[in-house]
Amino acid sequence: MADTLDPVFQIQRVYLKDLSLEQPNSPGILLEQEQPTVDIQLGVDAQPVTEGIYEITVSATVQTKIQDKTVFLVEAKQAGIFEIRNLPEDQMGPILGIACPQIVYPYLRGNVADVIQRGGFPPVHLAEINFQAMYEQQQAQAAGQPQAITTQ
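The rules behind each value
Residues numbered from 1 in each chain as written. Predicted model: local features only at pLDDT ≥ 70, side-chain atom pairs only at ≥ 80, totals over all residues. Heavy atoms only, no water. Helix = DSSP H or I, 4+ residues; strand = E, 2+ residues; numbered from the N terminus. Buried < 20%, exposed > 50% of the residue type's maximum accessible area, 1.4 Å probe, protein only. Contact = heavy atoms within 4.5 Å. Lys, Arg positive; Asp, Glu negative; His and termini not counted. Charge placed at Lys NZ, Arg CZ, Asp CG, Glu CD. Polar contact = N/O pair within 3.5 Å; in protein donor to acceptor, adjacent residues only side chain to side chain. Phe/Tyr/Trp six-rings, centres within 6.5 Å; stacked < 30°, edge-to-face > 60°. Pairing = 2+ DSSP bridges. Axes fitted to C-alpha atoms, helices over the stretch in contact; angles between N-to-C directions. 1 Å grid on protein atoms, 1.4 Å probe; cavity = no way out; pocket = protein on both sides within 12 Å on 5 of 7 lines; lining within 4 Å. Points joined across faces, edges and corners; volume = space filled by probe spheres on them. Nonpolar A, V, L, I, M, F, W, Y, C, P; charged D, E, K, R; others polar.

## Here we look at the overall build of the chain
- Along the backbone of the chain there are two helices and four strands.
- Each helix (α) and strand (β) of the chain, taken in turn from the N terminus, gives the series β-β-β-β-α-α.
- Dimensions of the chain, computed from the C-alpha atoms along their principal axes, are close to 70 × 35 × 20 Å.
- Taken over 152 residues, the chain has a buried fraction of 30%.
- Considering only contacts within the chain whose residues lie at least 6 apart along the sequence, 67% involve residues at least 24 apart.
- Positive and negative side-chain charges in the chain, numbering 8 and 18 respectively, have mean positions lying 9 Å apart.

What follows is the structure, encoded as structure tokens:
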């Protein structure tokens, strides 16, 4: 009989935790001919629920503006519940910060595009995300290492 237990990594559930669409300047802003600017912010959060069970939340904020007026604002949180047991401690960070968000993110992308389209706008498709690079950047920031910052 082996002394070590087999590792466990299972998706228990993926669900839409929060979703809102605001159009504070409609209908007037909808008559504007100018192209809006789009700002997209993403975040990842991992929280233990109980022993071996974790909730991973990937959030997105999409705001479009024409000059200083908001056309629409979408805030969304897509979450997943994962059972993760018997893994070495040094593997937990990458599992929670890379593997789990990669599973949850496609659901977020679909829900954001859908709600924007249902709001009467062409869908905004969130780009593919390299969660490994995002995780490594967060780790470097936490360790106080200098970062190269890219802007668009």
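## So, the side chain of Gln78
- Among the secondary structure elements, Gln78 is positioned in strand E4 (residues 69–85).
- From its side chain, Gln78 meets the backbone oxygen of Tyr15 in a polar contact 3.1 Å long.

## A word on unusual backbone geometry
- Across the junction of Ser26 and Pro27, the peptide omega takes the value 10 degrees, indicating a cis bond.
- Following the sequence through the fold, Pro27 ends up in the loop between strand E1 (8–22) and strand E2 (37–50).
- Backbone geometry at Gln67 places phi at a positive 55 degrees, although glycine is not the residue there.
- Position of Gln67 among the secondary structure elements: in the loop between strand E3 (53–66) and E4.
- Look at Asn86: it is not a glycine, yet its phi comes out positive at around 60 degrees.
- Relative to the helices and strands, Asn86 resides in the loop between E4 and helix H1 (89–118).

## A word on the packing of aromatic side chains
- Throughout the structure, instances matching the rule amount to three aromatic pairs.
- Relative to Phe131, the ring of Tyr105 has its centre 5.5 Å away and its plane inclined at 75 degrees; by these criteria the two rings are edge-to-face. One end of the pair, Tyr105, is in helix H1; the other, Phe131, is in helix H2 (residues 131–142), with 26 residues separating them in the sequence.
- Exposure remark for Phe131: the relative accessible area of 3% places this residue in the buried category.

## What to know about the sheet that holds E4
- An order of E1-E4-E3-E2 is seen for the four strands of this open sheet, with the pairing classed as antiparallel. Only two strands of the sheet have a single neighbouring strand rather than two, namely E1 and E2. Direction aside, the axes of adjacent strands within the sheet are offset by 15 degrees on average.
- Strand direction decides the pairing type here: E1 and E4, joined by 13 bridges, are antiparallel.

## A short note on the layout of surface pockets
- Taken as a whole, the second largest pocket spans an internal volume of roughly 230 Å³.
- In terms of lining, the second largest pocket is formed by 16 residues, of which the most central are Gln35, Pro36, Val71, Phe121 and Pro122.
- Of all the elements in the fold, those that place two or more residues in the lining of the second largest pocket are E3 and E4.
- A breakdown of the residues in the lining of the second largest pocket according to their chemical character gives 11 nonpolar, three polar and two charged.

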